[in-house]
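# Structure at a glance
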Amino acid sequence: MEYEIKHGADLNGAILNGADLKGAELYEAILTKADLKGADLKEADLNGADLRRADLEGAKLYKANLYEANLEGADLRRANLRRADLVEANLHEANLERADLRRADLSRANLSGAYLIEADLYKANLSGAYLIEANLTGANLYGADLSGANLIEAYLIEADLRGANLIRADLIEADFVGADLTGANLIGADLGGADLGGADLRGADLRGANLMGADLGGADLTGANLEEAILNGAD
C-alpha cells in the first residue's frame, strides 16, 4: 500500500516497518498504532506527531525531532534515539528497554511509568523530567542531568549514576539498591524513605539533602559530603 509521507498526514495503523524515512517531514502526523519496526527515521521531523502505541522497536531515530511528540505506550525497545530531541515529549508507559538515548534531550518529558530497563542514557538531559514509578533498573545514567527531575518511587536498582546531576531531584521512596552514585551531585535532593541499601555513594555531594527515613544499610558513604543533610530516622 502506498502512503503519503508528509506533515500532518493521517498514517494511523500504517505498515511502514523497515521503511527508509530519513529526514522525512512528519511533524504533527498521526501515526497511532503504526508499524515502524526497524524503520530509518534518522533526523526525521516528528515534532508534535501522534505516535501513541506505535511499534518503533529497533527503529533508527538518531537526531530525530520528537519535540512534544506523543509516544504514550509506544514500543521503543532497542531503538536508536541518540541525540534525539524529546523535549516535553509524552512517553508515559512507553517501553524503552535497552534503547540508545545517549545525549538525548528529554528535558521536561513525561516518562512516568516508562520502562527504561538497561537503557543507555549516557549524558542525557532529563532535567525537570517526570519519571514517577519509572523502571530504570540497570540503566546507564553516567553523567546524566536529572536536576529537578521527579523520580518518586522510581526503580534505579543497580543503575549507573556516576557523576550524575541530581540537584533538587525528588527521589522520595526511590529504589537505589546496589546503584552506583559515585561522585553524584545530590545537593538539596529529597531522598525521604529512599532505599539506598548497598549503594555506592563515595564522594557524592549530599549537602542539604533530605535522607529522613532512608535505608542506608550497606551503603558506602566514604568521602561523601553530608553537610546540613537531614538524617532523622535514616537507617
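Please read these numbers as outputs of a predicted model, since none were measured by experiment.

## Here we look at the overall build of the protein chain
Counting secondary structure elements, the protein chain contains 0 helices and 0 strands. The C-alpha atoms of the protein chain give a radius of gyration of 19 Å, which matches the 18 Å a tight globule of 235 residues would have. Overall, the C-alpha framework of the protein chain stretches about 65 × 20 × 20 Å when taken along its three principal axes. A buried classification covers 47% of the 235 residues belonging to the protein chain.

## Things to note about unusual backbone geometry
Positive phi outside glycine occurs at arginine 103, with the angle close to 60°. Arginine 103 sits in the partly exposed class, given a relative accessible area of 39%. One non-glycine residue with positive phi stands out, namely arginine 108, at about 60°.

## Looking at the nonpolar core
Grouped together as the largest cluster of nonpolar side chains are 87 residues, with contacts concentrated most on Leu131 and Leu166. Other than its neighbours up to four places away in sequence, leucine 131 contacts Leu111, Ser112, Leu116, Leu126, Leu136, Leu146, Ala149, Asn150, Leu151, Ile152 and Ala154.

## As for the pattern of salt bridges
Within this structure, the stated rule accounts for 18 salt bridges. Residues arginine 82 and aspartate 100 are paired through a salt bridge, measuring 3.8 Å at the closest nitrogen-oxygen approach. Note on aspartate 100: relative accessible area 16%, which makes it buried. Close ionic contact of arginine 202 with aspartate 200 constitutes a salt bridge, the shortest N to O distance being 2.7 Å. One network of salt bridges, in which partners are shared, links Asp20, Lys22, Asp40 and Lys42.

## Some thoughts on the environment of tyrosine 155
For tyrosine 155, a relative accessible area of 39% gives the class partly exposed. In sequence terms tyrosine 155 and asparagine 135 are 20 residues apart; their C-alpha atoms lie 4.8 Å from each other. Not counting the four nearest positions on each side in its chain, tyrosine 155 is found in contact with Glu133, Ala134, Asn135, Leu136, Thr137 and Asp175.

## Quick look at the environment of alanine 159
Overall, the relative accessible area of 1% leaves alanine 159 in the buried class. Each C-alpha atom of the pair alanine 159 and threonine 182 lies 11 Å from the other, and the pair is 23 residues apart in sequence. The residues touching alanine 159, leaving out its near neighbours within four places in the chain, are Leu136, Gly138, Ala139, Ala179 and Asp180.

Thresholds applied
Residues numbered from 1 in each chain as written. Predicted model: local features only at pLDDT ≥ 70, side-chain atom pairs only at ≥ 80, totals over all residues. Heavy atoms only, no water. Helix = DSSP H or I, 4+ residues; strand = E, 2+ residues; numbered from the N terminus. Rg over C-alpha atoms; globule rule 2.2 N^0.38 Å. Buried < 20%, exposed > 50% of the residue type's maximum accessible area, 1.4 Å probe, protein only. Core = buried A, V, L, I, M, F, W, Y, C linked by side-chain atoms within 4.5 Å. Contact = heavy atoms within 4.5 Å. Salt bridge = Lys/Arg side-chain N within 4 Å of Asp/Glu carboxyl O.

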